[in-house]
Amino acid sequence: MKKDGFLITFLRGFIIGLGIIFPISASVLAIVMGIYKKILNVVNNIFKCFKKEWKFILALGLGVVISCLVSCLLLNFTLKKFPIATLLFFVGLIIGGMPMLFKKTNRDFRVSNILFTLVGIGILTGLSFISSGNDAVIKTSAIGLLTLFGVGVVGAGSMIVPGVSGSVMLVILGYYEPLLEVISSLVKFEDLITNILIVGVFGAGMIVGVLLFSKIMEYFLDRFETKTYFAIIGFVSASIINVGLSLFGYSFNLIEFLVGLLLFVGGFVISFKYLKEE
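So, here is what we can say about the structure in this document. (Residues numbered from 1 in each chain as written. Predicted model: local features only at pLDDT ≥ 70, side-chain atom pairs only at ≥ 80, totals over all residues. Heavy atoms only, no water.)

## So, the overall build of the protein
What counts is decided by this rule: Only DSSP runs of H or I covering at least 4 residues are called helices, and only runs of E covering at least 2 are called strands; the numbering of each starts at the N terminus. All accessibility values rest on the Shrake-Rupley procedure with a 1.4 Å probe; residue burial counts only the protein chains present in the view.
Of the regular secondary structure elements, the protein holds 13 helices and zero strands. Surface summary for the protein: the accessible area is close to 14500 Å², and the carbon and sulfur share equals 72%.

Right, here's the structure in full:
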């Protein structure tokens, strides 16, 4: 297996971080870059792997953290101001990694395997029809913090399951905008004690969610690898369709669309040629 340098791993982490904040599946981005299973292995065996993989963990972790911070600050300027161009870039990234996914299935296109792809498409399509609720009010009471912890578990678990966007799940639960405001305020050093408490509790829930769902996904990949990858193809395909359909909800702008096409090609090339692990 090709051993990539610190910078490439950092860039992968940065792109995964974009998927955490933007309404795109971070796990899909990890899959199309070929490092999803490696991340699961490192997370589930962190103490055994740390000595060997500490550079990978550091580079990927820095990329994710810096990306999340930058994304929170730029979200209004990109997704809200130029949604079509932004989403087309992500679609390019995802499609660029699809050939690698098909390779993982050993091209075993028997009917039973294809059914798993259809099930994956059905599950993610069903989730897309769940309407989002009103924004929640984050409270620092015992019940409020316990709820926030649970939201962290669900949000992080959603990020681990391919095709399911953690940020979209937070939108459904009503916590996306409130948490985004908290993180933005924290970056600006406003109301530090309260914001640190909120982020800390939510972060603890995310850690539990990542550990729990990583174990589940690694179990399926280890024991039913081919069928799991066929299901993942279904998740990813539905994710592409959902993002594509969401483009029709925005006002058409020819210049933005043309820029978006260039970003689509750029995202495809980056994912297909540079960021996937051989």
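## So, a nonpolar patch on the surface
Put simply, the rule is: Here, patches come from residues exposed beyond 30% relative accessible area and free of salt bridges, joined within 9 Å for like charges and within 5 Å for nonpolar side chains (Val, Leu, Ile, Met, Phe, Trp, Tyr). Each salt bridge in this description consists of a side-chain nitrogen of Lys or Arg and a carboxyl oxygen of Asp or Glu lying within 4 Å of one another. The rule is simple: take the accessible area with a 1.4 Å probe, protein chains only, and divide by the maximum for that residue type; under 20% is buried, over 50% is exposed, in between is partly exposed.
Together, F6, I46, F47, F50, W54, L58, L62, I66, V70, L73 and L74 make up an exposed nonpolar region whose accessible area comes to about 1000 Å². Element by element, the count of residues in the nonpolar patch is highest for helix 4 (residues 46-78), at ten residues. You can see I46 is positioned in helix 4. You can call I46 partly exposed: its relative accessible area is 31%.

## Considering the packing of helix 8 (residues 142-160) against helix 11 (residues 192-223)
Selection criterion: Helix axes use the C-alpha atoms of the stretch in contact, all axes being lines fitted to C-alpha atoms, and the angles between their N-to-C directions lie in the range 0 to 180 degrees. Any angle that falls under 35 degrees is termed roughly parallel, while one over 145 is termed roughly antiparallel, one within 65 to 115 roughly perpendicular, and all others oblique. By definition, any crossing whose near helix is turned counterclockwise from its far helix by less than a right angle is left-handed, and any crossing with a clockwise turn is right-handed. Classification used: nonpolar for Ala, Val, Leu, Ile, Met, Phe, Trp, Tyr, Cys and Pro, charged for Asp, Glu, Lys and Arg, polar for all others including Gly.
Closest axis-to-axis distance for the helix 8/helix 11 pair is 6 Å, and the angle between their directions is 40 degrees. With respect to helix 11, the element helix 8 is oriented oblique. When the axes of helix 8 and helix 11 are compared, the crossing they make is right-handed. Its residues assigned to classes, the contact of helix 8 with helix 11 comprises 18 nonpolar, five polar and no charged.

## Quick look at the nonpolar core
Under the convention used in this document: Within this scheme, the nonpolar core is defined by two criteria: the residues are buried Ala, Val, Leu, Ile, Met, Phe, Trp, Tyr or Cys, and they are joined through side-chain atoms within 4.5 Å. Contact criterion: two residues are considered in contact whenever any of their non-hydrogen atoms come within 4.5 Å of each other.
Ranked by internal contacts, the top residues of the largest apolar core, which has 56 residues, are I16, Y36, L101, L148, L179 and V236. For I16, the residues in contact, after removing those within four places along its chain, are A26, L29, A30, M33, I35, I39, L60 and V64.

## A few points about the packing of aromatic side chains
Convention followed: Working definition: a ring pair exists when centres of Phe, Tyr or Trp rings (six-membered ring for Trp) sit within 6.5 Å. Plane angles under 30 degrees give stacked, over 60 give edge-to-face, the rest tilted. Put simply, a charge is over a ring when the Lys NZ or the Arg CZ is close to the ring centre, within 6 Å, and near the line of the ring normal, within 35 degrees.
On inspection of all chains with the given rule, the structure shows seven aromatic pairs. Arranged with centres 6.4 Å apart and planes meeting at 70 degrees, the rings of Y219 and F224 form a pair that is edge-to-face. Among the aromatic residues, those joined into a ring-pair cluster are F102, F109 and F230. K38 extends its terminal NZ or CZ atom over the ring of F56, reaching a point 4.2 Å from the ring centre.

## Digging into the environment of V65
The topology assignment puts V65 in helix 4. For the pair formed by V65 and F14, sequence separation is 51 residues and the distance between their alpha carbons is 7.7 Å.

## So, the pattern of salt bridges
Throughout the structure, instances matching the rule amount to four salt bridges. The salt bridge partner of K37 is D222, with a shortest N-O separation of 4.0 Å. With K37 in helix 3 (residues 36-44) and D222 in helix 11, the pair connects residues that are 185 residues apart, well separated along the chain. Between R110 and D108 there is a salt bridge; the shortest N-O distance is 3.1 Å. Under the relative-accessibility criterion, D108 is labelled partly exposed at 24%.

## Some points on the environment of G61
Tracing the backbone shows G61 in helix 4. Considering only alpha carbons, one finds G61 and T9, 52 residues apart in sequence, at a separation of 9.2 Å.

## Here's the deal with helix 10 (residues 176-187)
As a reminder of what qualifies: Expected span of a helix: the number of residues minus one, times 1.5 Å.
Here helix 10 contains twelve residues, and its C-alpha end-to-end distance of 17 Å stays within 8% of the 16 Å for a straight helix at 1.5 Å per residue. Along helix 10, the residues that are buried comprise Y176, P178, L179, L180, V182, S184 and S185. Of the residues flanking the end of helix 10, it is F189, one or two places downstream, whose phi is positive at about 60 degrees.

## Re the side chain of N44
In this fold, N44 is placed in helix 3. Here N44 falls in the buried class, since its relative accessible area comes to 11%. In contact with N44, other than residues within four places in its own chain, are L211, S214, K215 and E218.

## Remarks on helix 11
Over its 32 residues, helix 11 extends 46 Å from the first C-alpha to the last, a length consistent with the 46 Å expected when each residue adds 1.5 Å. Of the positions making up helix 11, those classed as buried are N195, I198, V201, F202, G205, G209, S214, M217, E218 and L221.

## As for unusual backbone geometry
Positioned with a positive phi, F189 is a non-glycine residue whose angle comes to about 60 degrees. Mapped onto the elements, F189 comes out in the loop between helix 10 and helix 11. At D191, a position not held by glycine, the phi torsion is positive, near 45 degrees. Relative to the assigned elements, D191 resides in the loop between helix 10 and helix 11.

## Some remarks on the packing of helix 3 against helix 11
Direction vectors running N to C along helix 3 and helix 11 enclose 125 degrees, while the axes themselves pass 9 Å from each other. Here helix 11 runs oblique to helix 3, going by the angle between their axes. Here the hand of the crossing between helix 3 and helix 11 comes out left-handed. From helix 3, Y36, K37, L40, N41, V43 and N44 reach across to helix 11, where they touch V210, L211, S214, K215, M217, E218, L221 and D222.

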